[in-house]
Amino acid sequence: MVRNNWESTDIEAMKLFAEKRESSTIPVSDRALARAIGVSAPRVADLFNFRHGTPTLREFIALCTVFSMKPSDTIDAAIDRARRADEQLADDITSNPDLYDLAANNDDNKELESETPRE
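What you are looking at is a predicted structure, and each value in this text was computed from that prediction instead of being measured.

## Considerations on the packing of aromatic side chains
Part 1 of the reasoning: All told, the structure shown has three aromatic pairs when counted by the stated rule.
Part 2 of the reasoning: Ring geometry for Trp-6 versus Phe-50: centroids 5.7 Å apart, planes at 75°, classification edge-to-face. In this pair, Trp-6 sits in the segment before helix H1 (8–22) while Phe-50 sits in the loop between helix H3 (41–48) and helix H4 (57–66), placing the two residues 44 residues apart along the sequence.
Part 3 of the reasoning: Here the aromatic cluster, defined as three or more aromatic residues joined through ring pairs, consists of Phe-17, Phe-60 and Phe-67.
Part 4 of the reasoning: The aromatic ring of Phe-48 is capped on one face by Arg-21, whose charged end is 4.7 Å from the ring centroid.

## Quick look at helix H2 (residues 30–37)
Part 1 of the reasoning: Restricting attention to buried positions, one finds in H2 the residues Leu-33, Ala-34 and Ile-37. Angularly, the buried residues of H2 cover 105° about the axis, an arc narrow enough to put them on a single face. Turned more than 90 degrees away from the buried face of H2 sit Arg-31, Arg-35 and Ala-36, all of them exposed.
Part 2 of the reasoning: Tucked into the core, H2 has its buried residues touching H1, H3 and H4.
Part 3 of the reasoning: Once H2 finishes, Gly-38 follows within two positions and takes phi at roughly 80°, a positive value.

## A look at the pattern of salt bridges
Part 1 of the reasoning: Overall, the coordinates contain nine salt bridges when judged by the stated rule.
Part 2 of the reasoning: Of the charged contacts in the structure, one is a salt bridge between Arg-81 and Glu-12, with a shortest N-O distance of 3.2 Å. With Arg-81 in helix H5 (residues 71–95) and Glu-12 in helix H1, this pair connects stretches of sequence that are 69 residues apart.
Part 3 of the reasoning: Overall, the relative accessible area of 9% leaves Glu-12 in the buried class.
Part 4 of the reasoning: With a shortest N-O distance of 2.5 Å, Asp-30 and Arg-21 are connected by a salt bridge.
Part 5 of the reasoning: Classification of Arg-21 by relative accessible area gives buried; the value is 15%.
Part 6 of the reasoning: Here the residues in one salt-bridge network are Glu-12, Lys-15, Glu-19 and Arg-81, joined through shared partners.

Reading the values: the criteria
- Residues numbered from 1 in each chain as written.
- Predicted model: local features only at pLDDT ≥ 70, side-chain atom pairs only at ≥ 80, totals over all residues.
- Heavy atoms only, no water.
- Phe/Tyr/Trp six-rings, centres within 6.5 Å; stacked < 30°, edge-to-face > 60°.
- Helix = DSSP H or I, 4+ residues; strand = E, 2+ residues; numbered from the N terminus.
- Lys NZ or Arg CZ within 6 Å of the ring centre and 35° of its normal.
- Buried < 20%, exposed > 50% of the residue type's maximum accessible area, 1.4 Å probe, protein only.
- Arc of directions from axis to C-beta.
- Contact = heavy atoms within 4.5 Å.
- Salt bridge = Lys/Arg side-chain N within 4 Å of Asp/Glu carboxyl O.

Below is the structure:
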């Protein structure tokens, strides 16, 4: 899943931060988190809602610091989760193609177009 140039690894990294934030014994507001990482509260909301730009390296490192997460472990976990999610989606599409109504499956001209020579 990609939203506004957000790659699956970006999304999974922010999900890891969201999990850490939610498991905190003290609620962490957008404003408090913004002050801690040096950005605006709307930027924090955008990050946690996968909107606008992806996290910068500085934001990523600052979030790791705030949540006591080792950056290298966090990025490794995000990459692993993104890979598993992509594999799961591919498996779902393969095993349930009808659930993923692809335009090519419903094209009235698909037989004709498949015989059209490529340039």
